[in-house]
Amino acid sequence: MTQNEILFARAQRHIPGGVNSPVRAFGSVGGTPRFFVRGEGPYVWDADGKRYTDYVGSWGPLILGHAHPAVIEAVERAARNGLSFGAPTEAEIDLADLLCEMLPSLAQVRLVSSGTEATMSAIRLARGFTGRNKLVKFEGCYHGHADSLLVKAGSGLLTFGNPSSAGVPAAVANDTLVLPYNDVPALKALFAASGSEIAAIIVEPVAGNMNLVQASPEFIRAMRQLTQQNGALLIYDEVMTGFRVDLHCAQGLHNITPDLTTLGKVIGGGMPLAAFGGRADIMAKMAPLGPVYQAGTLSGNPVAVAAGLATLNEIRKSGFFEDLSSKTRQLTDGFNAIGQELGIPFCAQSVGGMFGVYFAEQLPHSYAEVMQCDRARFNAFFHAMLDAGVYLAPSAFEAGFVSTTHQKSDIQQTLTTTTNILR
Ligand code: KE4
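So, how was this worked out
Every residue gets a number counted from 1 within its own chain, in the order that chain's sequence is written. Owing to the predicted nature of the model, reporting of local features is limited to residues with pLDDT of at least 70; listing and counting of side-chain atom pairs is limited to 80 or more, with chain, interface and lining totals taken over all residues. Each side-chain value is worked out from all heavy atoms of the structure, with water and hydrogens disregarded. Runs of H or I in DSSP of at least four residues are treated as helices and runs of E of at least two as strands, each being numbered from the N terminus. Taken over C-alpha atoms, the radius of gyration is set against a globule rule of 2.2 Å times the number of residues to the power 0.38. Note on classification: 1.4 Å probe, protein chains only; a residue is buried when its accessible area is under 20% of the maximum for its type, exposed when over 50%, partly exposed between these limits. Should any heavy atoms of two residues lie within 4.5 Å, those residues are counted as being in contact. The Shrake-Rupley method, run with a 1.4 Å probe sphere, supplies the accessible areas, and residue values consider only the shown protein chains as cover. Note that His is not counted, nor are the chain ends; the positive residues are Lys and Arg, and the negative ones are Asp and Glu. To locate a charge, the coordinates of NZ of Lys, CZ of Arg, CG of Asp or CD of Glu are taken. Boundaries between domains were set according to an automatic or database domain assignment. The term buried area denotes the loss of accessible surface (1.4 Å probe radius) that occurs when two parts are joined, taken as the sum for both partners. For this analysis, a salt bridge means a side-chain nitrogen from Lys or Arg found within 4 Å of a carboxyl oxygen belonging to Asp or Glu. Just so you know the grouping, Ala, Val, Leu, Ile, Met, Phe, Trp, Tyr, Cys and Pro go in nonpolar, Asp, Glu, Lys and Arg go in charged, and all remaining residues, Gly too, go in polar. Should DSSP find at least two bridges between two strands, the strands are taken to pair. To get an axis, fit a line to the C-alpha atoms, keeping to the stretch in contact for a helix; angles then go from 0 to 180 degrees between the N-to-C directions. Throughout, near means a residue has at least one heavy atom within 4 Å of the molecule or strand. Nitrogen and oxygen atoms within 3.5 Å of one another constitute a polar contact, given that in protein one can donate a hydrogen and the other can accept it, and given that sequence-neighbouring residues count only through two side-chain atoms. Here, nonpolar core refers to any group of buried Ala, Val, Leu, Ile, Met, Phe, Trp, Tyr and Cys residues whose side-chain atoms link them within 4.5 Å. Any pair of Phe, Tyr and Trp rings, taking the six-membered ring for Trp, is counted once the centres come within 6.5 Å. Such a pair is stacked with planes under 30 degrees apart, edge-to-face with planes over 60 apart, and tilted for the rest. In this scheme, a helix's expected span is set at 1.5 Å multiplied by one less than its residue total.

Chemist: How would you sum up the overall build of the protein? Please name residues and give values.
Modeler: In terms of helices and strands, the protein carries 15 helices and 16 strands. For 423 residues, the compact-globule estimate of 2.2 N^0.38 gives 22 Å, and the protein sits close to it at 21 Å. Counting only C-alpha atoms, the protein reaches 55 × 55 × 50 Å along its principal axes. The proportion of buried residues among the 423 residues of the protein is 57%. Long-range contacts, defined here as pairs at least 24 residues apart, represent 72% of the contacts in the protein between residues at least 6 apart. Accessible area of the protein: about 17000 Å², with a carbon and sulfur share of 53%. Each charge class in the protein was averaged separately, 31 positive and 36 negative side chains, and the resulting centres sit 2 Å apart.

Chemist: Just give me the short version of the domain arrangement of the protein, but keep the residues and values in it.
Modeler: Structurally, the protein comprises domain 1 (3-67 + 318-422) and domain 2 (69-315). Between the C-alpha centres of domain 1 and domain 2 the distance comes to 24 Å. Listed as interface residues are 37 residues of domain 1 and, on the opposing side, 36 residues of domain 2. Of the roughly 3000 Å² buried where domain 1 meets domain 2, counting both sides, 65% is carbon and sulfur surface. Run the count over domain 1 and domain 2 and you get zero salt bridges. Elements with a contribution of two residues or more to the side of domain 1 that touches domain 2: α12 (320-342), β13 (347-351), β14 (354-358) and α13 (367-370). Of the residues assigned to the side of domain 1 that touches domain 2, the class counts are 24 nonpolar, 11 polar and two charged.

Chemist: Lay out the sheet that holds strand β7 (residues 198-203) with the relevant residues and their values.
Modeler: Read across the open sheet, the seven strands follow the order β4-β12-β11-β10-β7-β5-β6; overall the sheet is mixed. The sheet is open, and its two borders are formed by β4 (108-112) and β6 (176-179), each paired with just one other strand. Shown here is a sheet whose adjacent strand axes are inclined to one another by a mean of 20 degrees, direction ignored. The pairing of strand β10 (residues 233-238) with strand β11 (residues 260-263) spans four bridges and is parallel. If you follow Ile235 over to β11, its bridge partner there is Leu260. Running over the sheet, helix α8 (residues 217-230) touches β5 (134-138), β7 and β10 and is turned about 140 degrees from β10.

Chemist: I'd love a proper account of the site of the ligand, names of residues and values included.
Modeler: Surrounding the ligand, one finds 17 residues, the nearest of these being Ser21, Thr116, Asn209, Asp237 and Glu398. At 2.4 Å from a nitrogen atom of the ligand is found a side-chain nitrogen or oxygen belonging to Asn209. For the ligand, the accessible surface in isolation is 540 Å², of which the surrounding protein chains cover 87%. Of the residues in the shell around the ligand, the class split is five nonpolar, eight polar and four charged. Of the domains in this structure, domain 1 (3-67 + 318-422) and domain 2 (69-315) are the two that each give at least three residues to the shell around the ligand.

Chemist: An account of the side chain of His143 is needed here, citing residue identities and associated values.
Modeler: On the secondary structure map, His143 appears in the loop between β5 and α5 (155-159). At a separation of 2.7 Å, a polar atom in the side chain of His143 contacts the side chain of Asp237. Those residues within four positions of His143 in sequence are excluded, and the remaining contacts are Gly115, Thr116, Thr119, Lys137, Leu149, Ile202, Val203, Glu204 and Asp237.

Chemist: Talk me through the environment of Ser28; I want residue IDs and the actual numbers.
Modeler: For Ser28, the location among the structural elements is in the loop between α1 (3-14) and β1 (36-40). Residues Ser28 and Leu187, spaced 159 residues apart in sequence, show a C-alpha to C-alpha distance of 31 Å.

Chemist: Tell me about the nonpolar core, and please be specific about residues and values.
Modeler: Ranked by size, the top nonpolar core spans 65 residues in total, and within it Leu99, Phe243, Leu312 and Ile315 carry the most contacts. A total of nine residues in this core trace back to one element, the largest contributor, which is helix α11 (residues 302-315). Formed jointly, this core draws a minimum of three residues from each of two domains, domain 1 (3-67 + 318-422) and domain 2 (69-315). Leu179, Tyr236, Tyr367 and Val370 belong to the second largest nonpolar core, which has 28 residues in total.

Chemist: Please set out the packing of aromatic side chains residue by residue, giving values where relevant.
Modeler: A ring pair, where both rings are aromatic, is described by two values, the distance of the centres and the angle of the planes. Under the definition given, this model contains 17 aromatic pairs. Considering the side-chain rings of Tyr43 and Trp45, the 6.3 Å spacing of their centres and the 75 degrees angle between planes classify their relative orientation as edge-to-face. When the centroid spacing of 5.6 Å and the interplanar angle of 70 degrees are considered together, the rings of Phe346 and Phe381 count as edge-to-face. One end of the pair, Phe346, is in the loop between α12 and β13; the other, Phe381, is in helix α14 (residues 375-387), and 35 residues separate them in sequence. As far as the burial class goes, Phe346 and Phe381 line up, both buried.

Chemist: Account for the pairing of strand β12 (residues 274-278), with residues named and values stated.
Modeler: Judged by how many residues are buried, β12 sits mostly within the fold: five of five residues are covered. Inspection of the sheet shows β4 paired to β12 by five bridges, in the antiparallel sense. Looking across to β12, one finds that Val109 is bridged to Gly277. As paired strands, β11 and β12 are joined by four bridges and run antiparallel to one another. Opposite Leu263, over in β12, you have Ala275 as the bridge partner.

Chemist: Account for α1, naming residues and giving values.
Modeler: Spanning 12 residues, α1 covers 18 Å between terminal C-alpha atoms, matching the ideal 16 Å at 1.5 Å per step. Taken together, the buried residues of α1 touch β2 (43-46).

Right under this line is the structure:
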């Protein structure tokens, strides 16, 4: 048995499925999950000492690659002063100020410890602010595992072919309305029928949890217009896209001002940190000022905040996103060229530092189209790439991520490996 197999067998004794997050279990692709022992730059090493070029990057946070010196130094410095106080610290002010400076739609922001906490809190806030209950989300989008969001969710649930979760009361699910992504007529019809009951739309402005699917300009405009016209709020869930697709996030690319935004992943630099924020009049409803309650023992944790500040200070540097986007495009342009050259249904696309790769003739524009992609062929590709030292997301329904530490030579090597596998 390999060390990975030994560890996976051990892990399953006291951890359900041997993992602390389902998608890590390789349930969708089969085989034994890799237990990582070290990461450096674009590389990770598993328990058997094998090195991989990493295109998961902890599902997005590691935009600076593994163990970036500036981030590690900031974490070490903060940790030496204590790990947590359960009291306000100046660093939290610095991070809140920075986030509100970088994202004009944020008048105020509240720091939490996970993307799920951020979206759960934003939805409660939208319901508290509007006095309404209905929530609109889209098929294939995943916003974390709060009850009202586990209805035809993407990511792990989609991967397991289980578009909703046990344990979610029907009464809760009934307040969540699920529409096809990019379907403007369906959205218009829903608002025509129930607009006055809708508290908010929550959307992945660039979907990354059903693989990467881009929102159409018409869909983006319709969401903003229909929420404004009907007194509902628009929540941009930028946990994945925030400071990943652009320095100004997806809302900057779309030139849209959402009412609320959720953030995570990159803003924590690999540490447990997320946030929600938006319009001043809405945030004023948050306890201790207003009636919407939310709290957290480790919210704004000083060590996590230090990692976030160090990360954001790096990505603000001139040319950062030009470099990251160029490297990611080198990968996806290469994938597309391979598909063309070999005459196989294999295509890819990127937005900033995130990408999607599909065994399909053309790029998908909805959950239904993603489900047409050849999943079996992806799974075989995934394992061949894994054996060749390339770590892709262990699911056909996930986006991939590039870091600034990926060199053009790493990406060229990945493309050569891809050609050799698919030829
Ligand atoms: P977390 O609770 O996992 O920090 O964030 C939930 C979340 C919210 N919104 C979006 C758009 C997200 O992508 C996520 C989490 N993303 C998945 C990756 N597909 C996390 C990986 C996992 O579940 O292990």
